[in-house]
Amino acid sequence: AAELERLERSLDSDATVLLLGAPGTGKDRLARLLPSRSARAAAPFVRIDLAALSDDLFDSELFGHERGAFTGAVAGKPGLLEGADGGTLYLDRIDVLTPRAQGKMLRVLEERVFRRVGGTRENRVDARFVASAAPDLPRRVRTGEFREDLYYRLAVLTVKLPALAERRGDVLPAARALLREAGGPFAFTPAAVKALRSHPFR
């Protein structure tokens, strides 16, 4: 609760936010909520699924590339950093980055500059960075699997999202919210309510 209160107070700041939690704990939903309640609400929100990118594609997707930068680059292409300029860039699953990609991400966070692949001009980016990772990221920092300097750049504001099994009181309100999003005249039967309340959600 204290973490969420700090987050609420920081909505209009550009502090980087790190969301730690297991799959299904609401990291994506919270990441999208942050800019919607800030001065960047009307600006772009760009999500990049880092788990879906190979190390080879990381540079081109994030930074963009110039024409002729590699075979098949018949035209220049802006990267996701440029697409998020003025808004929010959500780095989903930042814990999967290779050591090489971690170094490149650290420079972006430190200096707010990047170069397109094959380019020479440095571009500035004005974006708020939000990142998500598995809850064991601090342990991976201690074992040297994830760069400590990058972790501290990301963890300016850290929010730990507990698993649903640790938030029993949230199960029914969350299920009803999802049902409302589905639209239509739906409601849970008493049997369904009982099943939701008794499910272990491990």
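Residues numbered from 1 in each chain as written. Predicted model: local features only at pLDDT ≥ 70, side-chain atom pairs only at ≥ 80, totals over all residues. Heavy atoms only, no water.

**Student:** Residue-level account of the pattern of salt bridges, with values.
**Tutor:** Side chains that differ in sign of charge can pair as their charged atoms come close. In this structure the tally under the stated criterion is 18 salt bridges. Here Arg 40 ties to Asp 14 by a salt bridge, and the two come within 2.8 Å at their closest N and O atoms. Here Asp 14 lies in the loop between helix H1 (2-9) and strand E1 (17-21) and Arg 40 lies in the loop between helix H2 (27-36) and strand E2 (45-49), a separation of 26 residues in the sequence. Classification of Arg 40 by relative accessible area gives buried; the value is 11%. The closest approach of N and O atoms between Asp 28 and Arg 47, which form a salt bridge, is 3.6 Å. Of this pair, Asp 28 sits in helix H2 while Arg 47 sits in strand E2, and the two are 19 residues apart along the sequence. When salt bridges with common partners are traced through the structure, they connect Asp 55, Asp 59, Arg 100 and Lys 104 into a single cluster. (Salt bridge = Lys/Arg side-chain N within 4 Å of Asp/Glu carboxyl O. Helix = DSSP H or I, 4+ residues; strand = E, 2+ residues; numbered from the N terminus. Buried < 20%, exposed > 50% of the residue type's maximum accessible area, 1.4 Å probe, protein only.)

**Student:** Let's hear about the confidence of the model for the protein chain: which residues, and what values?
**Tutor:** Per-residue pLDDT for the protein chain has a mean of 84; in total, 79% of the residues score no lower than 70. Predicted confidence in the protein chain is weakest over helix H8 (residues 171-182), with a mean pLDDT of 62, and strongest over helix H7 (residues 148-154), with 97. (pLDDT = per-residue confidence, 0-100.)

**Student:** Which residues make up the pairing of E1, and what values do they have?
**Tutor:** Counting buried positions over the 5 residues of E1 gives 5, a clear majority of the element. Burial along E1 is two-sided: Val 17, Leu 19 and Gly 21 and Leu 18 and Leu 20, pointing in opposite directions, are all buried. With 4 bridges connecting them, E1 and strand E8 (residues 128-133) associate as parallel partners. Bridge pairing in E8 places Leu 20 opposite Ala 133. Pairing geometry for E1 and strand E9 (residues 157-161), over 5 bridges, is parallel. Paired with Leu 20 across the two strands is Lys 160, which belongs to E9. (Pairing = 2+ DSSP bridges.)

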